[in-house]
Amino acid sequence: MLELFGNGPSSAARLLGDIGDVGRFADKGRFTSWNGTAPLEASSGDRRRHRLSRAGNRRINRVLHVMAIVQLRHDTPGRAYYRRRLAEGKTSREAMRCLKRRLSDVVYRRMVRDAERLAAGSGGHSGAAPDSSAADLNPVVSTSEQSLPEPAHYKDRAAASSSA
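Residues numbered from 1 in each chain as written. Predicted model: local features only at pLDDT ≥ 70, side-chain atom pairs only at ≥ 80, totals over all residues. Heavy atoms only, no water.

Participant: An account of the pattern of salt bridges is needed here, citing residue identities and associated values.
Facilitator: Considering all chains together, one arrives at five salt bridges under this definition. Across the pair E88 and R85 runs a salt bridge, and its minimum N-O distance is 2.6 Å. Residue E88 is classed as exposed on the basis of its relative accessible area of 51%. Several salt bridges share partner residues, and in doing so they unite R14, D18 and R59 into one network. (Salt bridge = Lys/Arg side-chain N within 4 Å of Asp/Glu carboxyl O. Buried < 20%, exposed > 50% of the residue type's maximum accessible area, 1.4 Å probe, protein only.)

Next up, the structure:
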């Protein structure tokens, strides 16, 4: 999450904490509806337009909004996307809505990819072989790891070293 431009440690933590298991969303449309970036139709007469939803998770919506603002302030693909939408005749608010929806899709794809990568990994510690005792429920104990049957006798060792 930290690799996304405009997303800092606190925003990444907010995304991970509030979203949790991304598998609970059937697709990116359901995710955008949950976070409030899905467009709502607000047409009147011949003018067809959409607006941002006021429903959904406002904290995630705020994180996406900050990401969009940061991307607009720097020369990023998000800024180029925003300008293309303006060139198509959209208002600045409509273009911002489109950018936030696009960022929501990027976050969703990233979280799905990360979840799939984690599910494909082996159990136990990272880098452990599948037959490693770290991944086994019952660790294997070899003879070199067993305790001695009786305590050592220091008097016998001292007498043996002085006679030599």
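Participant: For the side chain of S104, give the residues involved together with the corresponding values.
Facilitator: Along the polypeptide, S104 turns up in helix α5 (residues 92-120). Accessibility expressed as a relative area gives 0% for S104, which makes it buried. Non-local contacts of S104, meaning those with residues more than four positions away in its chain, are made with F31, T32, N35, T37 and L64. (Helix = DSSP H or I, 4+ residues; strand = E, 2+ residues; numbered from the N terminus. Contact = heavy atoms within 4.5 Å.)

Participant: So what's going on with the packing of aromatic side chains? Which residues, and what values?
Facilitator: Per the stated rule, a full pass over the model turns up four aromatic pairs. Geometrically, the ring pair formed by F25 and F31 is edge-to-face, given 5.2 Å between the ring centres and 75° between the ring planes. Its relative accessible area of 8% is what places F25 among the buried residues. Residue class for F31 comes out buried when judged on its relative accessible area of 1%. Their ring planes at 50° and their centres at 5.2 Å tell us that F25 and W34 sit as a pair that is tilted. An aromatic cluster is built from F25, F31, W34 and Y108, whose rings are joined through pairwise contacts. (Phe/Tyr/Trp six-rings, centres within 6.5 Å; stacked < 30°, edge-to-face > 60°.)

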